[in-house]
Amino acid sequence: MTRLLRNLIGLLVFFLLWEGFVRAGFVNALFLPPPTTVFARVFELLGDPVFLAHVIASALAWLIAMAIAIVIAVPAGLLLGSVKWLRDSTKVIVELLRPIPSVALIPLVLLVIGGGPEAKITLAVYASVWPILFNTIYAMSEIDPVLTETARSYGTSKTRMLSSVALPHAAPFIFTGIRMSSAIALILVVSTEFLAGASKGIGQFLVGVSEGAGRMDLVLAGTVVAGLLGYLSNEGLERLGRRLFRWSTVDREAVK
């Protein structure tokens, strides 16, 4: 509760300063509307079925991308973390692909896949795979040798070793990777909608309201809604992680 109160106080101070600067004339309200105007538009948009359709389109693409990233990254991380020669042989490829900005791949993805939901989902998957993958690989390298040796001494098979020893140890690390990837996937979905175009989505809505004379109040309102989605997702996953992994400090250390 203390942490939540600190966050709320910080937000309140920020909004008061923002409102004061605009009302005092330091910033043109046409280009930077005050928060009172922006939040009024947020409430209007939340009652608009057309805008809600954009939000649902982005949220669905985001959830699909996260599901695909988890299905790809967790087994790959467990495999690479368990088999040293495979990890060493793929290290160059992974280190070559990982630094490539996902936004830079938009032209290639549009050329190969085309527009539509597939493009933003593909880019979001590409960007969100890496934190989960590397967290899983790191978790596998941090397993206490005493645990594995004890399990082997009891004749535990490799499959049972993976499910009963490795996976429970890696779970908090994997969950932290998922929480980090959630924000990345949302950013990529909205960015791709904005830069590459889409039939539906928050990014497409922002493009539409910023054309011509531009409605900065609606642009900022749409941005606030996207930010709220990211915040609620991160907060929900963080609380879930604390409940599921009370015995682990991994996720708590990642937050600090």
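Residues numbered from 1 in each chain as written. Predicted model: local features only at pLDDT ≥ 70, side-chain atom pairs only at ≥ 80, totals over all residues. Heavy atoms only, no water.

J.: Quick rundown of the overall build of the chain? Include the residues and the values.
T.: Scanning the chain from terminus to terminus reveals 11 helices and zero strands. Starting at the N terminus and ending at the C terminus, the chain contains elements arranged as α-α-α-α-α-α-α-α-α-α-α. Residues classed as buried in the chain amount to 39% of the 256 residues present. Pairs at least 24 apart in sequence give 72% of the contacts found in the chain among residues at least 6 apart. (Helix = DSSP H or I, 4+ residues; strand = E, 2+ residues; numbered from the N terminus. Buried < 20%, exposed > 50% of the residue type's maximum accessible area, 1.4 Å probe, protein only. Contact = heavy atoms within 4.5 Å.)

J.: Break down helix 3 (residues 49-82) for me, with residues and values.
T.: Owing to its 3.6 residues per turn, the α-helix brings residues three or four apart onto one side. When the terminal C-alpha atoms of helix 3 are compared, their 49 Å separation across 34 residues agrees well with the 50 Å that a helix rising 1.5 Å per residue should span. For helix 3, the N-terminal capping position is held by Asp48, with its side-chain oxygen 3.1 Å away from the main-chain nitrogen of Val50. (Expected span 1.5 Å × (residues − 1). Polar contact = N/O pair within 3.5 Å; in protein donor to acceptor, adjacent residues only side chain to side chain.)

J.: Describe in detail the nonpolar core, supporting the description with residues and values.
T.: Judged by nonpolar contacts, the single largest core of 58 residues is most densely connected at Ile132, Leu133 and Phe205. It is helix 6 (residues 117-141) that provides the largest number of residues to this core, a total of 14 residues. Other than its neighbours up to four places away in sequence, Ile132 contacts Ala69, Ile70, Ala73, Val74, Ile174, Gly177, Ile178 and Ser181. (Core = buried A, V, L, I, M, F, W, Y, C linked by side-chain atoms within 4.5 Å.)

J.: For the environment of Arg41, give the residues involved together with the corresponding values.
T.: Assignment of secondary structure puts Arg41 in helix 2 (residues 35-46). Separated by 177 residues in sequence, Arg41 and Leu218 place their C-alpha atoms 6.4 Å apart. Here Arg41 is in contact with Arg215, Asp217, Leu218 and Ala221, once residues within four sequence places are set aside. Within the local environment of Arg41, its side chain forms a polar contact with the side chain of Asp217, the two groups lying 2.8 Å apart.

J.: Please give an account of the confidence of the model for the chain that cites residues and values.
T.: Predicted confidence across the chain gives a mean pLDDT of 84, with 89% of residues reaching 70 or more. Helix 3 holds the highest mean pLDDT among the elements of the chain, 92, whereas helix 11 (residues 250-255) holds the lowest, 48. Confidence drops under pLDDT 50 across residues 252-256; counting only partners more than four residues distant or on other chains, this segment forms eight contacts. (pLDDT = per-residue confidence, 0-100.)

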